[in-house]
Every structure is written in C-alpha cells, then in structure tokens.
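# Results of the structural survey
Here's the letter readout for the chains.
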Amino acid sequence: MSKTSAGRFFEDYAVGQVIEHGVPRTLSGGERAMYHALYPARHALYSSDEFARDCGLHEAPLDDLIGFHTVFGKTVPDVSLNAVANLGYAEGRFLKPVHLGDTLVSRSEVIGVKQNSNGKTGVVWVRTTGENQLGEPVLSYVRWVMVRKRDMDAPAPETVVPELSGVVAASDLVVPEGLDFSGYNFSHAGEPHRLGDYAIGEKIDHVDGVTIEEAEHMLATRMWQNTAKVHFDATAREDGKRLIYGGHVISMARALSFNGLANAQMIVGLNAGAHANPCFSGDTVTAWSEVLDVAETAAPGIGAIRLRLVAQRAGAASFALKGEDGKYLPDVLLDLDYWALMPV
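Attention in this report is confined to the structure presented alongside it.

Definitions and limits used
Residues numbered from 1 in each chain as written. Predicted model: local features only at pLDDT ≥ 70, side-chain atom pairs only at ≥ 80, totals over all residues. Heavy atoms only, no water. Helix = DSSP H or I, 4+ residues; strand = E, 2+ residues; numbered from the N terminus. Rg over C-alpha atoms; globule rule 2.2 N^0.38 Å. Buried < 20%, exposed > 50% of the residue type's maximum accessible area, 1.4 Å probe, protein only. Contact = heavy atoms within 4.5 Å. Areas by Shrake-Rupley, 256 points an atom, 1.4 Å probe, with all protein chains shown as cover. Lys, Arg positive; Asp, Glu negative; His and termini not counted. Charge placed at Lys NZ, Arg CZ, Asp CG, Glu CD. Core = buried A, V, L, I, M, F, W, Y, C linked by side-chain atoms within 4.5 Å. Axes fitted to C-alpha atoms, helices over the stretch in contact; angles between N-to-C directions. Parallel < 35°, antiparallel > 145°, perpendicular 65-115°, else oblique. Left-handed = near helix turned anticlockwise from the far one by under 90°. Nonpolar A, V, L, I, M, F, W, Y, C, P; charged D, E, K, R; others polar. Phe/Tyr/Trp six-rings, centres within 6.5 Å; stacked < 30°, edge-to-face > 60°. Lys NZ or Arg CZ within 6 Å of the ring centre and 35° of its normal. Salt bridge = Lys/Arg side-chain N within 4 Å of Asp/Glu carboxyl O. Pairing = 2+ DSSP bridges.

All right, on to the overall build of the protein then. On a plain count of helices and strands, the protein comes out with 8 helices and 11 strands. Taken over C-alpha atoms, the radius of gyration comes to 20 Å for the protein, in line with the 20 Å a tight globule of 344 residues would show. Over its C-alpha atoms, taken along the principal directions, the protein stretches across nearly 65 × 50 × 40 Å. Looking at the protein as a whole, 52% of its 344 residues are labelled buried. Here the contacts in the protein between residues at least 6 apart in sequence split such that 79% fall between residues at least 24 apart. By element, 51% of the accessible surface of the protein is carried by carbon and sulfur atoms, the whole surface being about 14500 Å². Where the 30 positive side-chain charges of the protein centre and where its 43 negative ones centre are 6 Å apart.

Given below as structure tokens:
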C-alpha cells in the first residue's frame, strides 16, 4: 500500500462528503511580521495594540486574510491539489477575529459536483469552515474548483449545483464583540474619510503598484502551507511558469487599497470572487475599488461598506473590467466583492 498521496481527483468527490483537513496551525507574531513584509499592509487595527484597545479590543487581531489564507491552505491537499483552476468564492463570513496564539483547523463539506462536457475535468463546490482551539468558528466560505479526472472513463456523477447567495446580507455580518468606533482616531488610522464620505457607484484608483517577485510569492504560499503544484513546480504547466497563488493577489490588492480606503478596517463578508486571469512573476499589480453598498450596524460608531476590489496589471485602462463579450479583459487579475467595517 502506497504511503504517499497523489491527492483527490474529480471522481473521488461526492455530495455530502465531509473532509477533516490535516495539520492544525498555531499563529504567532511571526505570521503578522511576514505578512506585513510581503504586502504593504498598513490598516491600523491590525498594526497597533493601542489603536485596537481604543476600539474596544484587548489587542490587535491578526489581519483577516491571515486567517483566510491559513484556513484555505489546509484545504489544498484535499480539495485543489489536482485543480486546473480555482473558480470562485461565495457566502464568506468572518465570524471571529483571529489572535496571536490561536490554533486553526479546517473542515470542508462537498456541496456540489458537475462534470464538464470534455469528460476530462469537473467542478467541485465545497463549504469550508475554520475553527480555533476552542471549537469556535472563525471563518466560513464556499469555493468551487475545476479538478482533473484520474480515469477519463469514470462515469459522470449526478450533477448537483448548489444555490448560493449573491451577497451576504448586511444583517448577517458579524461585528466582533466589544468593537467600538465611537472614539476612532482618524489621524492614527491615516485618512479622514468615514462611511458618509463614500457614495454608491464611486470608484477609487489606489494609485500604487507592486511587482510580483518569484521568491516572495512562493515564500507566501509556503507560509500558508498551500501545496498546490502549479505554484512551485515549473513542470506542472505547459508554459513552464509558476502560477501565482490567487490569495497572494488578494492580499496585495487589499493592501494597496489602503490608499483611499484606510478606514475600511475589518473584512467581515466575502460575497463573490473570481481570479479572472492568471498572474505570473514579473507582473506589476495595481488596484481599484468601486463602492457597491453601505449599511448600518448595531455596534457603536460602526457601519459596513460593500466594495468591489479589482486587481489588474499595470498599464491596464483605469476602471476597465469586462469587454463587450462580457468576459474579463486580459489584464484583469482579480474581481472581489466584500464587506468591511468602517467608522460612521
């Protein structure tokens, strides 16, 4: 019996299957330091214990995307090791901040399968939940991936495509216990803009750009214990290139969005997302955002802003997203729809 695993293929998934992912991960200040070294992340709530205490928390939590990447990375050996592409996200909810010393584990349930017409691949939908050492859910989201088949003659399973919400309702967003922006220090946060300063439909060019380096993206992906071959092995793709982990692009774009959205402090919802085109080493990533909605919360001084965050290659037309055919333009890398908390 082989002691090694080639990962799951499409025919290995069935609706209702629950997968407990291996290797719990205890997070420390090392992850925070590395995250802030890899990305130009400067949101004050994650950078300063004193700022976080002034906002009602006992210390600065870890950046929300550190939790996301950690939970996501654990799923890769079981869900997307043999994936052709990570196709999308939906129904993401950040349920509890992740703090120094927390240990995260991940679990996924298969909620949909559909074989593609070519008979060589299929799409698998999973709902993944990350929990801390107390068994408290910290994050839940749905993603779907296109996965290779091992046996081209394996019969197609019955198609099950889950019905997913297009947006997480504002009433379902979780504001961390104790969070209070009524005494928010705008000077320390870096910008004066509050929720009422943003209009639905407004678009913001985040101005700055960062060139993706080969070593940095592989270092980041290893940090999240993401083992997908296409990120490391130059022989895994016909073009001989290493594909940049999509989460690396998400974090880069989110960090770049500080310029114009410094007070969009905490990510609390992930409505939708698409890795529109592949990103490779040498690409320079820029970003822009569109305000899609605003909402009130019951927490003191806190509102919610719904944003479309778009990452693209430098030189692409400002605020351009799709062509007349409805397809993403070739220089668009990421189209992410999320909710964040902001002072009112």
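From this point on, the discussion continues.
What follows concerns the environment of Ala 52. Structurally, the position occupied by Ala 52 is in helix α3 (residues 49-54). Take Ala 52: its relative accessible area is 0%, and that puts it in the buried class. Residues in contact with Ala 52, not counting those within four places in the same chain, are Leu 45, Leu 57, Glu 59 and Ala 60.

What follows covers the nonpolar core. Tyr 39, Phe 68, Trp 224, Ile 305 and Tyr 338 are the most contacted members of the largest nonpolar core, which has 56 residues in total. Ignoring sequence-local partners within four residues, the contact set of Ile 305 consists of Leu 195, Tyr 198, Val 291, Asp 293, Val 294, Tyr 338, Trp 339, Ala 340 and Met 342. Within the second largest apolar cluster, 23 residues are counted, among which are Leu 45, Phe 186, Ala 304 and Leu 341.

You will see that Val 207, though not glycine, has its phi angle at about 75°, which is positive. Residue classification places Val 207 among the exposed positions, given a relative accessible area of 59%. One non-glycine residue, Phe 319, lies in the positive phi region at around 65°. Within the fold, Phe 319 resides in the loop between β10 (302-313) and β11 (332-343).

Put simply, helix α1 (residues 29-38) and helix α6 (residues 214-223) touch, their axes get as near as 11 Å, and they point 155° apart. Viewed along their axes, α1 and α6 adopt a mutual orientation that is roughly antiparallel. In this structure, α1 crosses over α6, and the sense of that crossing is left-handed. Between α1, through Glu 31, Met 34, Tyr 35 and Leu 38, and α6, the contact on the second element is made entirely by Glu 216, Leu 219, Ala 220 and Met 223. When grouped by side-chain class, the residues that make up the contact of α1 with α6 number 6 nonpolar, no polar and 2 charged.

This next bit is on the packing of aromatic side chains. In total, this model carries 10 aromatic pairs according to the counting rule given. Ring centres of Trp 288 and Phe 319 lie 5.4 Å apart, and the angle between their planes is 90°; this geometry places the pair in the edge-to-face category. Of this pair, Trp 288 sits in strand β9 (residues 284-296) while Phe 319 sits in the loop between β10 and β11; the two residues are 31 residues apart in sequence, bridging distant segments of the chain. Site record: aromatic cluster; members linked through ring pairs are Phe 68, Phe 72, Tyr 89, Tyr 141 and Tyr 245. The ring of Phe 280 has Lys 241 lying over it, and the distance from NZ or CZ to the ring centre is 4.7 Å. Seen from the ring of Tyr 328, Lys 322 lies directly overhead, with NZ or CZ sitting 4.8 Å from the centre.

A few words on the pattern of salt bridges. For the structure shown, the criterion picks out 16 salt bridges. Across the pair Lys 96 and Glu 136 runs a salt bridge, and its minimum N-O distance is 4.0 Å. Within this pair, whereas Lys 96 is found in the loop between β3 (83-94) and β4 (103-115), its partner Glu 136 is found in the loop between β5 (121-131) and β6 (137-148), the two being separated by 40 residues in sequence. Since its relative accessible area comes to 36%, Lys 96 is described here as partly exposed. What you see here is one network of salt bridges that share partners, running through Glu 11, Asp 12 and Arg 150.

On to helix α7 (residues 246-256), then. Here α7 lies mainly inside the structure; 11 of its 11 residues are buried. Among the residues of α7, Gly 246, Gly 247, His 248, Val 249, Ile 250, Ser 251, Met 252, Ala 253, Arg 254, Ala 255 and Leu 256 are the ones counted as buried.

This paragraph deals with the pairing of β10. Strand residues, when the strand is regular, have side chains that alternate between the two faces of the sheet. Burial of β10 is extensive: 11 of the 12 residues sit out of reach of the surface. The pairing of β9 with β10 spans 11 bridges and is antiparallel. Residue pairing for β10: Ala 287 is matched across the bridge by Ala 311. Connecting β9 to the antiparallel partner β10 that follows it, the hairpin turn spans 5 residues, and Gly 301 within it adopts a positive phi of roughly 75°. Of the strand pairs in this sheet, β10 and β11 are connected by 11 bridges, and their pairing is antiparallel. Directly across from Arg 308, in β11, lies its bridge partner Asp 337.

Okay, the environment of Thr 128 next. By the secondary structure assignment, Thr 128 is in strand β5. With near-sequence residues (within four places) excluded, Thr 128 lies in contact with Val 71, Thr 75, Arg 107, Ser 108, Leu 139, Ser 140 and Tyr 141.

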